[in-house]
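Results of the structural survey
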Amino acid sequence: MPGNTFGQAFTLTTFGESHGPAMGAIVDGCPPGLELSEADLQIDLDRRKPGSSKYTTQRREDDKVEILSGVFEGKTTGTTIGLLIHNTDQRSRDYSKIKDVFRPAHADFSYQQKYGIRDYRGGGRASARETTMRVAAAGIAKKYLKEKYNTTIEGYLAQIGHIVPEVIDLSLVNENPFFCPDPKVLDEIAQFIDQLRADGDSIGAKIEVLVRNMHVGLGEPVFGKLDADLAGAMMGINAVKGVAIGDGFDVVTQRGSEHRDEMDRAGFRSNSAGGTVGGISTGQDLVCSIALKPTSSITKSGDTLNKEGETVQISTTGRHDPCVGIRATPIAEAMVALVLMDHCLRDRAQNHDVERKSLFDE
């Protein structure tokens, strides 16, 4: 199966299935000399892991990462970094009733049509559990970007259903189970999710990622535009159906005089473009948003087909998130980090000797 490797200069290859013995990753291209430990990678894995609150799936995985190679005496060696996370809480029996049935809006039908076989246990390779390794690998990228460029990557829940945070306080994001920046809507979100569970239904969400201290000059002007690579990476996250950079779809109603980011000696006066122009980073904050669809696995009964082409009723049991967006914040941050790390190394390789002079007053 192709399509399991991401990146050019900094590459990530993942393997494993939702209900297999383990999830794994091979990371190549990391520069030598970076201080790295399993604890560095565990930070975001703990933010992402299931069973961390009553508002997400109750599958309980410790998601303890092991570094198998590429690190010696606490520093990266420049060789391939091997990562492994053991699955410990599989309940394959939860899926036995749907092994011959296609769950609507799931990967079941498309996988069966493409390969003629599918792992029905939690979606197998199509499961969002695969993102554990993206998050683990992104811990390497995040640390490098922070130490080399002081770049920080922070995401938050920007909307869930009809609820939109009015206050954006990023210091609060990791203090609640929803990654929400507005304390005033936490109770409303909790009640909303409880009602969704009672209804046997689910809801979609919007996640926004903000990157500060962006390195200028990342991205290529034709193929390999930074925003194009970001869009592709974010669309590669399970359940994502839309990506926006900067003002995104709001540009449809904007005039050129309103949208353009005018400049003076003090810097850019606005950031409608979201930190990229012509596919290349400007050094402004990078702003990227994703829209995630409602969870496909719900207990509310609906129509579908089985392998024989017969119309049947389906109600998905087991342990599922009523909103996949709740745990998506660390995953969205991870994909942004992987793209930026890859582009930083590519830019360093070609343009290391280019003198970039700032036109703005310091």
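Here, the structure is the one placed above.
Here the residue index of a chain counts from 1 through its sequence in written order. Since the coordinates come from a predicted model, pLDDT governs what is reported: local features require at least 70, and pairs of side-chain atoms require 80 or more to be given and counted, while whole-chain, interface and lining totals use all residues. The side-chain values count all of the structure's non-hydrogen atoms but skip hydrogen atoms and water molecules.

1. Brief notes about the overall build of the protein
When helices and strands are counted, the protein shows seven helices and 17 strands. Considered along the principal axes of its C-alpha atoms, the protein spans approximately 65 × 50 × 40 Å. Only protein chains enter the accessibility calculation, which uses a 1.4 Å probe. A residue is then buried if its area is under 20% of the maximum for its type, exposed if over 50%, and partly exposed in between. A burial count over the protein gives 49% of its 362 residues as buried. Pairs of residues are marked as contacts when any of their non-hydrogen atoms sit within 4.5 Å. Taking as baseline every contact in the protein between residues at least 6 positions apart, the subset at least 24 positions apart corresponds to 71%. Only DSSP runs of H or I covering at least 4 residues are called helices, and only runs of E covering at least 2 are called strands; the numbering of each starts at the N terminus.

2. What about the sheet that holds strand E8 (residues 152–160)?
Paired through backbone hydrogen bonds, the strands of a sheet run either parallel or antiparallel to each other. Taken together, the four strands give an open sheet; going across it, the order is E8-E9-E15-E10, and neighbouring strands pair in antiparallel fashion. A single partner strand is all that each edge strand has here, and the edge strands are E8 and strand E10 (240–245). Mean inter-strand twist for the sheet, computed between neighbouring axes without regard to direction, equals 20°. Any two strands with at least two DSSP-identified bridges between them are counted as paired. Of the strand pairs in this sheet, E10 and strand E15 (residues 286–292) are connected by five bridges, and their pairing is antiparallel. In the strand pairing of E15, Val243 is matched with Ile290. Each axis is a line fitted through C-alpha atoms, and for a helix only the stretch in contact is used; angles between axes span 0 to 180 degrees, taken between their N-to-C directions. Across the face of the sheet, helix H7 (residues 329–351) comes into contact with E8, strand E9 (205–212) and E15 while running at roughly 140° to E8.

3. A closer look at the packing of aromatic side chains
Here a Phe, Tyr or Trp ring, Trp counted by its six-membered ring, pairs with any other such ring whose centre lies within 6.5 Å, and the pair is stacked when the planes are under 30 degrees apart, edge-to-face when over 60, and tilted otherwise. Going through the model one piece at a time under the given rule, you end up with three aromatic pairs. When the centroid spacing of 5.6 Å and the interplanar angle of 90° are considered together, the rings of Phe102 and Phe109 count as edge-to-face. Residue Phe102 is classed as buried on the basis of its relative accessible area of 9%.

4. Some points on the nonpolar core
Nonpolar side chains tend to gather and get buried jointly when the protein is soluble and globular. With 70 residues, the main nonpolar core has Leu83, Met234 and Leu340 as its most contacted residues. Not counting chain neighbours up to four residues away, the residues in contact with Met234 comprise Val209, Val240, Val243, Cys288, Ile290, Ala332, Met335 and Val336. Buried Ala, Val, Leu, Ile, Met, Phe, Trp, Tyr and Cys residues that are joined via side-chain atoms within 4.5 Å together make up what is termed a nonpolar core.

5. Side note on the environment of Val211
With respect to the secondary-structure elements, Val211 resides in strand E9. Between the C-alpha atoms of Val211 and Pro165, which are 46 residues apart in sequence, the distance is 19 Å.

6. Describing helix H4 (residues 186–199)
By this rule the span expected of a helix is its residue count minus one, scaled by 1.5 Å. A rise of 1.5 Å per residue sets the reference length of H4, with its 14 residues, at 20 Å; its end C-alpha atoms lie 20 Å apart and thus fit the reference within 8%. A positive backbone phi angle near 70° is found at Gly200, which sits one or two residues after H4.

7. Quick look at the packing of helix H5 (residues 226–235) against H7
Following both chains from N to C, one finds H5 and H7 inclined at 145°, their axes separated by 9 Å at the closest point. As for how H5 packs across H7, the hand of that crossing is right-handed. Judged by residue contacts, Leu226, Asp229, Leu230, Ala233 and Met234 of H5 engage Ala332, Met335, Val336, Val339, Leu340, His343 and Arg346 from H7. Take the far helix as your reference; a near helix turned counterclockwise from it by less than a right angle gives a left-handed crossing, and one turned clockwise gives a right-handed crossing.

8. What to know about the side chain of Thr131
Checked against the element boundaries, Thr131 lands in helix H3 (residues 131–149). Side-chain atoms alone can form a polar contact between residues adjacent in sequence; in general such a contact is a pair of N or O atoms within 3.5 Å, and within protein one must be able to donate a hydrogen while the other accepts it. Here Arg48 takes part through its side chain, which lies 3.1 Å from a polar atom of the side chain of Thr131. With sequence-adjacent residues up to four places away left out, Thr131 is seen in contact with Arg48, Asn238 and Ile331.

9. A short note on the pattern of salt bridges
In the sections that follow, a salt bridge refers to a side-chain nitrogen of Lys or Arg positioned within 4 Å of a carboxyl oxygen of Asp or Glu. A full pass over the atoms with the stated rule returns 22 salt bridges. Residue Asp108 pairs with Arg103 through a salt bridge whose shortest N-O separation is 2.7 Å. On the basis of relative accessibility, which here comes to 4%, the residue Asp108 falls in the buried class. For Arg103, a relative accessible area of 3% corresponds to the buried category.

10. Overview of helix H1 (residues 38–48)
Because each turn of an α-helix spans 3.6 residues, side chains separated by three or four positions in sequence point in the same direction. Among the residues of H1, those classed as buried are Leu41, Gln42, Asp44, Leu45, Arg47 and Arg48. Elements in contact with the buried residues of H1: strand E4 (65–67), strand E7 (81–86), H3 and H7.

11. As for the sheet that holds strand E1 (residues 5–6)
Strands sit in the order E1-E2-E3-E7-E4 across an open sheet of five strands; the sheet is antiparallel. Of all the strands in the sheet, the pair left with one neighbour each is E1 and E4. Here E4 pairs with E7 via three bridges, running antiparallel. Residue Ile67 lies in a different strand from E7, and its bridge partner there is Leu83. Across the sheet, H3 touches strand E2 (11–15), strand E3 (22–28), E4 and E7, and the angle it forms with E7 is around 140°.

Don't take any of this as a statement about function, it's just geometry.
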